[in-house]
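The chain contents come next:
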Amino acid sequence: LCSNAHQTRTCLLGRLKPLWGGPVAEAVIVLEHRLPTDAPPMSSVLRSLQLPLTAEQRTVLRGRRRSRCGEDLLLQLPREGPLQPGDRLMDGLRTLQVTVVAAPEPLLRVQATTAEELLQAAYHLGNRHVSLEVHPQELLLLRDSVLEAMLRSRGLELSSCERPFVPEGGAYGGGYQHVHGHQPA
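Residues numbered from 1 in each chain as written. Predicted model: local features only at pLDDT ≥ 70, side-chain atom pairs only at ≥ 80, totals over all residues. Heavy atoms only, no water.

1. Here's the deal with the packing of helix α1 (residues 115-127) against helix α2 (residues 145-153)
- For the pair α1 and α2, the least separation of the axes is 11 Å and the interaxial angle reads 145 degrees. The interaxial crossing formed by α1 with α2 has right-handed handedness. Contact residues: α1 offers A121, H124 and L125, while α2 offers L147, M150 and L151.
- Of the residues belonging to the contact of α1 with α2, the class tally is five nonpolar, one polar and no charged. (Axes fitted to C-alpha atoms, helices over the stretch in contact; angles between N-to-C directions. Helix = DSSP H or I, 4+ residues; strand = E, 2+ residues; numbered from the N terminus. Left-handed = near helix turned anticlockwise from the far one by under 90°. Contact = heavy atoms within 4.5 Å. Nonpolar A, V, L, I, M, F, W, Y, C, P; charged D, E, K, R; others polar.)

Right under this line is the structure:
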């Protein structure tokens, strides 16, 4: 299915019927390689694109996506954990590099007057398996009216914002871990 390096970098997917009756194929760029985070820039790269993805979209490593400039992309990546902002993906010929960026998402910002109140909020959200981005003075989570009501009832300061969301990976190693070139001792 056009995912091997010896095949062309574009794959023909789907069929459309134009007004004159003949089928038309749609060109899609197939991305099948994920570069290690510490990999040097590739000299074979002829073009670079950005791929904005929400936190949820970064967990799905197969399927159609669209680059920031509107190019159709097909992810055919090995299942090595969720994508992270800054990850670099390449096509089979390694001539196109696509950098993953966190897309802005509608978020709820949680702030408290004390660190203990903020920790309690994180505890209650964690009990509900809510994805959280944790900062010293605030928590960020995807907007949810039920969670917003629960947090308001606890007297927390809430505000809405729209920005990239990069939640914690999880307690049991389910999250993606960046490799920084350190060798085990």
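2. Quick word on the environment of L75
- Relative to the elements of secondary structure, L75 occurs in strand β5 (residues 72-76).
- Expressed as a C-alpha distance, the spacing of L75 and G63, which sit 12 residues apart in the sequence, is 5.2 Å.
- Among residues more than four places away in sequence, those in contact with L75 are L31, L51, V60, L61, R62, G63, R65, L83 and L89.

3. Quick word on the environment of L107
- Among the secondary structure elements, L107 is positioned in strand β8 (residues 104-111).
- Judged by its relative accessible area of 0%, L107 is buried.
- Sequence-wise, L107 and F165 are 58 residues apart; in three dimensions their C-alpha atoms are separated by 7.8 Å.
- Excluding residues within four positions of it along the chain, L107 makes contact with L140, L141, L142, R143, S159, S160, C161, R163, P164 and F165. (Buried < 20%, exposed > 50% of the residue type's maximum accessible area, 1.4 Å probe, protein only.)

4. Notes on α2
- Burial in α2 covers these residues: L147, M150 and L151. One side of α2 carries all its buried residues, which in axial view fall inside an arc of 95 degrees. In this structure, α2 carries S145 and S153 as exposed residues pointing more than 90 degrees from its buried face.
- Looking at the buried residues of α2, the elements they touch are β8, α1, β10 (139-142) and β11 (157-164).
- The backbone nitrogen of V146 lies 2.9 Å from a side-chain oxygen of the residue at the head of α2, namely D144.
- Positive backbone phi, approximately 80 degrees, marks G155, located one or two places after α2. (Arc of directions from axis to C-beta. Polar contact = N/O pair within 3.5 Å; in protein donor to acceptor, adjacent residues only side chain to side chain.)

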